Amino acid sequence: MSHPYSRQALISGTKKFLSGKVISALLTLGILLVTVRLLPVTEYGAYVTLLAMTEIGRSLAQLGLAWLTARQLPEYRLKADGPRLIRFCRRVVAWQSAALIACALLFAVLMDAYLNWAGLQAFRPAALVFLGVFLVEGVGRFLREAVLGPLVLQGGIRASMVGRQMLYLIALLALWRFAPSDASQSTAAFLSGFMPGFLTEASSALTQPGAGLFAVVLIELTASAFGTLVALACLVRFCRSMRGLQGEAGWTEPSIRQQWWLSLHMYFAHLLTLLYSPQALVNLLQKYLGPEASAIFGFLRTLNDQIARYLPASLLFSLIRPKLVAVYVNGGGTSELSRLTNSAGKVSLVILLPLVSVAAVFGDELIQLISGGKFSDSGYLFFGFLLCLIPYSQRLLLETAAVTLDQANLCKWGAALGLITLPSLWGLLHLGFGVWAAVIAIGLGHVLFNSFIIAGLRRRCDYVFDWLNQTKLILAMAVAIIPGAISPAVSVAVLGSSLIPMLGYSLLIVGAFVASVWLLRPFTAEETGLLKSLVKRGARTA
């Protein structure tokens with residue numbers, strides 16, 4: 001049997017992963033564009049707020065198990081026999097499912113109090129369906145990201161995610177086609193035709209204000225159930241194929257206590273981070289600034305999340321993370337681990353920073369185009385969100401390095417340091433910064449966390465972070481913005497014209513960034529050679 005984390009296996013997994021991600025990205029963008037046009041601003045604000053609460057719930061229920069599987073599953077796959085590998089997979093899925101069920105029951109008890117606090121009592125039927133989304137999608141995400149990902153089963157991840165998003169988009173398009181002008185008034189007839197005699201509360205919800213939101217959430221629940229079933233089927237098939245796997249002689253399985261030690265350190269770190277996360281901040285904006293502020297923040301945050309998912313460090317995370325662990329477990333050491341994480345971090349910045357430069361010049365036009373004019377004059381906020389992605393693009397890699405080096409406790413204290421952002425947020429809100437207060441808090445939290453982890457790993461493990469070359473990339477971004485900054489007359493002319501000139505001017509900005517990177521040379525000779533080989537291989541594959 002071939003090595004599960006060999007170069008050939010990773011290349012094969014990458015092809016499946018990238019093809020699935022490209023399709024999923026297009027479908028997800030379609031879902032975003034249809035949803036923002038389908039729902040009125042008030043309902044969309046309620047949607048992003050309730051969606052944020054389900055994400056908070058998943059964070060509360062995850063117990064750090066995703067980091068446990070990220071660290072242990074590659075080792076089990078390399079060294080354990082079949083029965084122990086299967087038993088570990090079953091155990092973590094059972095733990096996660098039980099935690100999600102307990103959290104769903106808690107949310108059901110507290111739901112009315114939360115809805116009254118957030119001013120969302122009118123959307124109670126949709127909130128009830130969101131509980132189902134929370135539970136079903138929580139299991140599905142754990143299977144895809146925390147189990148299938150470390151096992152490099154990218155075919156199953158692709159089938160599950162693409163199937164979910166495709167079903168979701170098709171149903172949304174059908175709803176939008178049926179009710180293009182006012183989903184709230186027409187959804188009752190749409191759903192009643194498919195589900196006569198549905199649950200009493202659901203039936204009454206179809207005739208109340210907010211029926212469009214109820215329909216969207218119901219569609220999401222159906223799509224999530226489909227995606228979860230596909231992921232579960234893939235895991236079952238894998239476990240059956242592993243029954244006869246022979247383990248490495250003399251390997252000792254980590255005890256349950258050791259596994260929970262790792263999980264709980266990362267869980268506490270995540271809970272602390274959750275206090276100043278975008279999911280928590282959108283609820284504060286809903287409470288103190290109203291639904292319009294939460295709708296703008298939620299839309300920009302959703303768009304920002306889509307960009308974040310397709311940065312190399314995030315996009316290939318389910319491939320990079322098990323590879324980093326496998327390299328370290330097989331004797332690569334701290335030096336090899338830091339080299340690989342620094343390389344992945346710089347590649348992420350090379351993709352991200354041109355987008356930041358374009359957003360600095362054309363942010364308003366891009367947001368107006370994407371939102372259909374619903375959220376105009378939000379370009380600088382979008383630029384602020386993208387700036388926050390600069391430290392975020394490094395955070396996932398630093399967390400992986402800390403967990404791999406058995407320094408998960410650093411993540412807990414780094415997250416605690418980020419609590420400084422809460423009084424800052426409160427002060428900025430009172431000073432009238434509005435939505436900007438939340439954006440600044442997000443960026444500050446990432447910077448504080450990264451700085452603490454880098455210092456801790458350097459002191460304890462001789463981990464080396466490539467400050468010099470990452471600073472060169474930031475400088476290249478600043479240079480790329482100059483064409484828009486020094487040519488305001490040209491910028492105004494372009495901004496007022498069609499999309500084609502704007503794209504051409506964006507290419508000029510990207511070209512300035514590429515030229516700056518070439519002059520500053522932030523990549524080592526070894527990294528440059530690797531990138532060239534990957535590009536050549538991709539060209540031959542295409």
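Each remark here, short or long, concerns the structure printed above.
First things first, this report covers the structure right here in the doc. For clarity, every value in this text was computed on a predicted model and none was experimentally measured.

Overview of a nonpolar patch on the surface
Consideration 1: Together, Tyr380, Leu431, Phe433, Trp436 and Ile440 make up a nonpolar patch on the protein surface, roughly 530 Å² of accessible area in all.
Consideration 2: Along the chain, Phe433 turns up in the loop between helix H18 (421-430) and helix H19 (435-461).

A look at unusual backbone geometry
Consideration 1: The backbone of Asp462 shows a phi angle near 60°, a positive value even though the residue is not glycine.
Consideration 2: With respect to the helices and strands, the residue Asp462 is situated in the loop between H19 and helix H20 (467-486).

Observations concerning the side chain of Gln165
Consideration 1: Position of Gln165 among the secondary structure elements: in helix H6 (residues 154-178).
Consideration 2: The class of Gln165 is buried, set by a relative accessible area of 4%.
Consideration 3: There is a polar contact of 2.8 Å between the side chain of Gln165 and the side chain of Thr28.
Consideration 4: Once residues lying within four places of it in the same chain are set aside, the contact partners of Gln165 are Ser24, Leu27, Thr28 and Ile31.

Quick look at the packing of aromatic side chains
Consideration 1: Under the counting rule described, the total for this entry stands at nine aromatic pairs.
Consideration 2: Relative to Phe130, the ring of Tyr47 has its centre 6.0 Å away and its plane inclined at 40°; by these criteria the two rings are tilted. Placement of the pair is Tyr47 in helix H2 (residues 41-61) and Phe130 in helix H5 (residues 124-148), with a sequence separation of 83 residues.
Consideration 3: In this structure Phe130 comes out as buried when scored by relative accessible area, which is 3%.
Consideration 4: Judged by centre distance (5.3 Å) and plane angle (50°), the ring pair of Phe297 and Phe385 falls under tilted. Taken together, the residues Phe297 in helix H12 (residues 291-309) and Phe385 in helix H16 (residues 379-404) connect sequence positions 88 residues apart. The pair formed by Phe297 and Phe385 is uniform in burial state, with each residue classed as buried.
Consideration 5: By the ring-pair criterion, three or more aromatic residues cluster together here, those being Tyr44, Tyr47 and Phe130.
Consideration 6: Across from the ring centre of Phe449, 3.7 Å away, lies the NZ or CZ of Arg395, which sits over that ring.

With respect to the pattern of salt bridges
Consideration 1: Applying the stated criterion across every chain yields a total of 10 salt bridges.
Consideration 2: For Arg395, the salt bridge identified is with Glu399, shortest N-O distance 3.8 Å. Placement of the pair is Arg395 and Glu399 together in helix H16, with a separation of four residues, close to one helical turn.
Consideration 3: Given the relative accessible area of 5%, Arg395 is considered buried.
Consideration 4: Because the salt bridges share partners, they merge into one network encompassing Glu137, Arg141, Arg144, Arg164 and Glu220.

Conventions adopted
- Residues numbered from 1 in each chain as written.
- Predicted model: local features only at pLDDT ≥ 70, side-chain atom pairs only at ≥ 80, totals over all residues.
- Heavy atoms only, no water.
- Patch = residues over 30% accessible without salt bridge, like charges linked within 9 Å, V, L, I, M, F, W, Y side chains within 5 Å.
- Areas by Shrake-Rupley, 256 points an atom, 1.4 Å probe, with all protein chains shown as cover.
- Salt bridge = Lys/Arg side-chain N within 4 Å of Asp/Glu carboxyl O.
- Helix = DSSP H or I, 4+ residues; strand = E, 2+ residues; numbered from the N terminus.
- Buried < 20%, exposed > 50% of the residue type's maximum accessible area, 1.4 Å probe, protein only.
- Polar contact = N/O pair within 3.5 Å; in protein donor to acceptor, adjacent residues only side chain to side chain.
- Contact = heavy atoms within 4.5 Å.
- Phe/Tyr/Trp six-rings, centres within 6.5 Å; stacked < 30°, edge-to-face > 60°.
- Lys NZ or Arg CZ within 6 Å of the ring centre and 35° of its normal.

Read these as geometric descriptors, not functional statements.
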